[in-house]
Amino acid sequence: MKIKVKAQFIDYLLIVIANLAFALIFIFGYYRLEWFGVIPGYAPYNFAFNIGLILPLTFVSFVLSVFVFLRALQNRKKRPNKLDNSFLIFFSLPSIILVVKVFISLVFHIFTSNY
């Protein structure tokens, strides 16, 4: 049984949206002073910028990437071309790795701090 073309298109569309949100995280972070007036190092501006823009983009990118990753693993037998499956898994990994890395570094920082 083959997977429908519409389902494949939705997977590709979701992974493009996830990677676009992932790229926007870095682009907005680099141009935050010019575009948003956020002064690097000034805590209230950076906190509001991160909560209002970076965190939602990270969440959207992570959720869509996990969704596509799990769908690719679930439908690996149904896809006629194994390259499609590898493509979806490969392009869903960057945002998953970013969130896992941040979570691990946060846990490491909590348990190694001297407060």
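So, a few notes on the structure that sits alongside this text. (Residues numbered from 1 in each chain as written. Predicted model: local features only at pLDDT ≥ 70, side-chain atom pairs only at ≥ 80, totals over all residues. Heavy atoms only, no water.)

Broken down by element type, the protein carries four helices and zero strands. From first element to last, N terminus to C terminus, the protein shows the α and β order α-α-α-α. The globule rule puts the C-alpha radius of gyration for 115 residues at 13 Å, and the 18 Å found for the protein is more than 25% above it. Put simply, of all contacts in the protein between residues at least 6 apart along the chain, 60% involve residues at least 24 apart. A total accessible area of about 8,300 Å² is found for the protein, and carbon and sulfur atoms account for 75% of it. (Helix = DSSP H or I, 4+ residues; strand = E, 2+ residues; numbered from the N terminus. Rg over C-alpha atoms; globule rule 2.2 N^0.38 Å. Contact = heavy atoms within 4.5 Å. Areas by Shrake-Rupley, 256 points an atom, 1.4 Å probe, with all protein chains shown as cover.)

A few words on the packing of helix H1 (residues 5-30) against helix H4 (residues 82-112). Between H1 and H4, the shortest axis-to-axis distance is 10 Å and the interhelical angle comes to 30 degrees. Considering their axes alone, H1 and H4 lie roughly parallel with respect to each other. Here the hand of the crossing between H1 and H4 comes out left-handed. Residues Gln8, Asp11, Tyr12, Ile15, Asn19 and Phe22 of H1 lie in contact with H4, whose contacting residues are Asp84, Phe87, Leu88, Phe91, Ser92, Pro94, Ser95 and Leu98. (Axes fitted to C-alpha atoms, helices over the stretch in contact; angles between N-to-C directions. Parallel < 35°, antiparallel > 145°, perpendicular 65-115°, else oblique. Left-handed = near helix turned anticlockwise from the far one by under 90°.)

Below, the discussion takes up the pattern of salt bridges. As enumerated under the stated definition, the model contains one salt bridge in all. One salt bridge in this structure joins Arg71 and Asp11, with 2.7 Å as the shortest N-O distance. Taken together, the positions of Arg71 in helix H3 (residues 43-74) and Asp11 in helix H1 put the pair 60 residues apart, joining distant regions of the chain. You can call Asp11 buried: its relative accessible area is 0%. (Salt bridge = Lys/Arg side-chain N within 4 Å of Asp/Glu carboxyl O. Buried < 20%, exposed > 50% of the residue type's maximum accessible area, 1.4 Å probe, protein only.)

Attention now moves to the packing of aromatic side chains. A full pass over the atoms with the stated rule returns ten aromatic pairs. With centroids separated by 5.2 Å and ring planes inclined at 80 degrees, the aromatic side chains of Phe22 and Phe26 adopt a geometry described as edge-to-face. Highlighted residues: Phe22 and Phe26, both in helix H1, separated by four residues, approximately one helical turn. A residue is classified by how much of its surface remains accessible, and Phe22, at 17% relative accessible area, is buried. Taking 5.5 Å as the distance between ring centres and 50 degrees as the angle between the ring planes, the aromatic pair formed by Phe36 and Phe49 counts as tilted. Separated by 13 residues along the polypeptide, Phe36 in helix H2 (residues 32-36) and Phe49 in helix H3 bring together distant segments of the chain. (Phe/Tyr/Trp six-rings, centres within 6.5 Å; stacked < 30°, edge-to-face > 60°.)

Moving on: H3. Compared with the 46 Å implied by 1.5 Å per residue over 32 residues, the 43 Å span of H3 between its first and last C-alpha is a close match. Those residues of H3 lying buried are Asn46, Phe49, Ile54, Leu57, Thr58, Ser61, Leu64, Ser65, Val68 and Ala72. Check the buried side of H3 and you find it contacts H1, H2 and H4. (Expected span 1.5 Å × (residues − 1).)

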